[in-house]
Amino acid sequence: MKHQLNAGPETTSVQAGWASRKLGKLTTIALVAARSKLAYWQEIGARAIFFSIVLLIFSQLWGSLLGSQGNLAGFDRRQLVWYLTITEVIALSTTSLLRSVENDVKSGQLAYLLIRPINYVAYQAANFFGEITVGIGMNLLAGGAVAWLLVGPPPTTLQAGAATLLLLVIGVSLQFLLIAMISLLSFFTEEARPFYWIYSKLVFTMGGLFVPIDIYPAFFQRLAKALPFQAVHYGPARAFIGGGTEVLGQMLTTALIWIPLLLLVIVWEFRLGVKQVNVNGG
Amino acid sequence: MSTVVKHVEFLLAQWRVNLSSAMAYKASFLTQSLFMILNDILLLFLWYVLLHNFPDIGGWGMSEIWLMYGLSAGGYGLTAMLFGNVFELSHIISEGQLDYYLALPKNVLLHALASRTQFSAVGDLAFGLVMGYLGCRAVGASFLLFLCFLLTAALILAAFYVILGSLAFFLGRSEAISQQVGQSIVTFGMYPGGIYQGVAKFIVMFVIPAAFMVHLPVELLRSFSLPGLMTVILATVTSWLLALMVFSSGLKRYESGNQITMRG
């Protein structure tokens, strides 16, 4: 009993040290990924050009549909353009996680990564969060500037900004889990890209990438709200243009249901995949 | 034998080889094509939602949207099937991989472009043809005319990508810019022409020519006019003349990658 009492804090301290070392490794990987992303200035510039084009098109589209005074389900042109700015910031900052996993499997690099003293999925997660943080920062600057030029300042408040930030973290986490789940299919099929195409279109439709879910016909609104994709884009963007506590509550509920569920699927998929993956090369 | 016949024979032989390679991976080929069709169908959702809220978009209804997708997705599919390497041209040039094509007694650009077929493009083309057929039936247009515009759309898209890819001769590594700006012609082409005003209208006509690739042909399918058809043909010819001019002046600056390349 005495031994157990003494061992408790020691065990806790060892566990804390282990966790801290793991976290330190993951932070280092994330920082390296972020720095490496910054080095690709040309890619960042090219994405900014594309982003500007998308915003220009939609600004014109909403201008043509709504005129200067009209609104759609209560959203005016300025709100709709800023909504798109936030959703596109997230979409364009998405990293090449799928390509990375596919390449690891096809090139045989996976064999080396699996024996490293860090979990492969955690390693990919650190890379993903490192890269996407830089991407979101850069795209927000570029897209924000263009949107401001096109329709004026963002229709938001400090409170809405804080909610957006929280929902952005939740959305990006869900996005990682969804893409990781698809990427790990490479362990079984080697060609997971077609599944990603469908995912990207589900995000586009059920995730409200281009227009808020609020303007969908009733059936699709209900369907979208039952799926996790809305939390990736719609949640943060809707909060930004004034979604209030209702959107915040809705997204937190989605996260509470879907994050543990997706984590379980990924753990199961990874364990099964590692047993049967056919690694090429060497 | 005339040069044109020789080129056509060479292209047919090259496409036969590409098709054989695709058939070696039948399951992958079919999966990619089918998923691409599904992917394209989901793109229509935005227009379904918007037309649920508005009577028309820039004067276009669902029939015109079908024609628009027919030309943009179908044109992309045709280009990617026949000249799949056009999307990789920038990479090929900056990596010095043009050496392989320079060493052979065939037209360098034609050989480089036709050396690759994108499997998933069959899905885009199939989707484009179905959309085109539905659109033509809905507006009472000739499907043959749609096929002509499909060809001009594919040619304009290919020329645009050749120009962007050739920037690598002058700028070095420019894959990212080439890809993103290239993608913009398809993106611009996936929205009704009527929504573009002012600077945007100028861009889609003279900088990123989606107007000649998609918007004008859709208008002509709705209401045919000979001057309109001549304008599309003229735009196609001009874009290729420009593409050939940029590529050949760039080729003079090309530096070999000194790579030993094995091709199966």
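Residues numbered from 1 in each chain as written. Chains lettered and ligands numbered in written order. Predicted model: local features only at pLDDT ≥ 70, side-chain atom pairs only at ≥ 80, totals over all residues.

Caption draft 1: Structural detail: the overall build of chain A. Looking only at helices and strands, chain A has 13 helices and zero strands in total. In chain A, the succession of helices and strands from N to C terminus is α-α-α-α-α-α-α-α-α-α-α-α-α. Each of the three principal axes of chain A carries a C-alpha extent, and together these read 75 × 50 × 40 Å. When each of the 282 residues of chain A is scored for burial, the buried share is 43%. At a minimum sequence separation of 6, the contacts of chain A that also span at least 24 residues come to 81%. (Helix = DSSP H or I, 4+ residues; strand = E, 2+ residues; numbered from the N terminus. Buried ≥ 20, exposed ≤ 12 C-beta atoms within 10 Å, placed from the backbone. Contact = placed C-beta atoms within 7 Å.)

Caption draft 2: Expanded view of the overall build of chain B. Assigned secondary structure in chain B consists of 13 helices and zero strands. From first element to last, N terminus to C terminus, chain B shows the α and β order α-α-α-α-α-α-α-α-α-α-α-α-α. Overall, chain B is about 60 × 45 × 40 Å in size when its C-alpha atoms are taken along their principal axes. The buried share among the 264 residues of chain B stands at 44%.

Caption draft 3: The arrangement of the environment of G193 of chain B in detail. Residues and elements named next belong to chain B. With respect to the helices and strands, the residue G193 is situated in the loop between α10 (175-189) and α11 (198-207). Linking G193 and G58, residues 135 residues apart in sequence, is a C-alpha distance of 7.2 Å. Excluding its chain neighbours within four sequence positions, the residues that come into contact with G193 are G58, A211, H215 and V218.

Caption draft 4: The arrangement of the confidence of the model for chain B in detail. Looking at chain B, the pLDDT average stands at 88 and 96% of residues meet or exceed 70. Two summary scores accompany this predicted model of the complex, namely pTM at 0.80 and ipTM at 0.73. (pLDDT = per-residue confidence, 0-100.)

Caption draft 5: Summary view of the nonpolar core. By size, the foremost hydrophobic cluster in this structure holds 152 residues, and its most contacted members are L55 and V81 of chain A together with L157 of chain B. The element that contributes the greatest number of residues to this core is helix α9 (residues 143-171) of chain B, accounting for 18 residues. Aside from chain neighbours lying at most four places away, what touches L55 of chain A is V81, L84, T85, G143, V146, A147 and L150 of chain A. (Core = buried A, V, L, I, M, F, W, Y, C linked by C-beta atoms within 7 Å.)

Caption draft 6: Spatial organisation of the interface of chain B and chain A. Every contact between the two is made by 32 residues of chain B and, on the other side, 27 residues of chain A. Taken together, the elements giving at least two residues each to the side of chain B that touches chain A come down to α2 (26-43), α3 (45-53) and α10 of chain B. Residues of the side of chain B that touches chain A, tallied by class, amount to 17 nonpolar, 14 polar and one charged. (Nonpolar A, V, L, I, M, F, W, Y, C, P; charged D, E, K, R; others polar.)

Caption draft 7: Structural detail: the packing of helix α4 (residues 97-107) of chain A against helix α7 (residues 158-183) of chain A. Residue and element names in this part refer to chain A. α7 packs onto α4 with a crossing angle of 30° between their chain directions and a minimal axis gap of 9 Å. Between α4 and α7, the angle is such that the two are roughly parallel. α4 and α7 meet at a crossing whose hand is right-handed. Here α4 contributes L97, L98 and V101 to the contact with α7, which in turn contributes I179, A180, I182 and S183. A breakdown of the residues in the contact of α4 with α7 according to their chemical character gives six nonpolar, one polar and no charged. (Axes fitted to C-alpha atoms, helices over the stretch in contact; angles between N-to-C directions. Parallel < 35°, antiparallel > 145°, perpendicular 65-115°, else oblique. Left-handed = near helix turned anticlockwise from the far one by under 90°.)

Caption draft 8: Structural detail: the packing of helix α3 (residues 77-93) of chain A against helix α6 (residues 120-151) of chain A. Residues and elements named next belong to chain A. Two elements in contact, α3 and α6, have axes whose closest approach is 8 Å; the angle formed by their N-to-C orientations is 155°. Here α3 is positioned roughly antiparallel relative to α6, judged by the angle of their axes. Between α3 and α6 lies a crossing whose hand is right-handed. Within the contact between the two elements, α3 uses R77, R78, V81, W82, T85, E88, V89, I90, L92 and S93 and α6 uses I132, G135, I136, N139, L140, G143, G144, A147, L150 and V151. Class assignment for the residues of the contact of α3 with α6 results in eleven nonpolar, six polar and three charged.

Caption draft 9: Representation of helix α1 (residues 3-24) of chain B. Its 22 residues give α1 of chain B an end-to-end C-alpha distance of 32 Å, which sits within 8% of 32 Å, the value for a rise of 1.5 Å per residue. Of all the 22 residues making up α1 of chain B, zero are buried; the element is thus mostly uncovered. (Expected span 1.5 Å × (residues − 1).)

Caption draft 10: Examining the environment of T79 of chain B more closely. The residue T79 of chain B is located in helix α4 (residues 62-82) in this model. Through-space distance from the C-alpha of T79 of chain B to that of G123 of chain B is 13 Å; in sequence the pair is 44 residues apart.

Caption draft 11: Molecular detail of the confidence of the model for chain A. Averaged over all residues, the pLDDT of chain A equals 84, while 90% of them reach at least 70. Per-element averaging of pLDDT across chain A places helix α1 (residues 2-39) of chain A at the bottom with 68 and helix α12 (residues 234-240) of chain A at the top with 95.

Caption draft 12: Spatial organisation of the environment of L167 of chain A. All names here are of chain A. With respect to the element layout, L167 can be found in helix α7. A tally of 28 C-beta atoms within 10 Å means that L167 is categorised as buried. The spatial distance from the C-alpha of L167 to the C-alpha of L80 is 18 Å, given a sequence separation of 87 residues.

Caption draft 13: Inspection of unusual backbone geometry at higher detail. All names here are of chain A. Although it is not a glycine, A73 sits at a positive phi angle of roughly 50°. Relative to the elements of secondary structure, A73 occurs in the loop between α2 (41-66) and α3. Classification of A73 as exposed rests on a count of 11 C-beta atoms within 10 Å.

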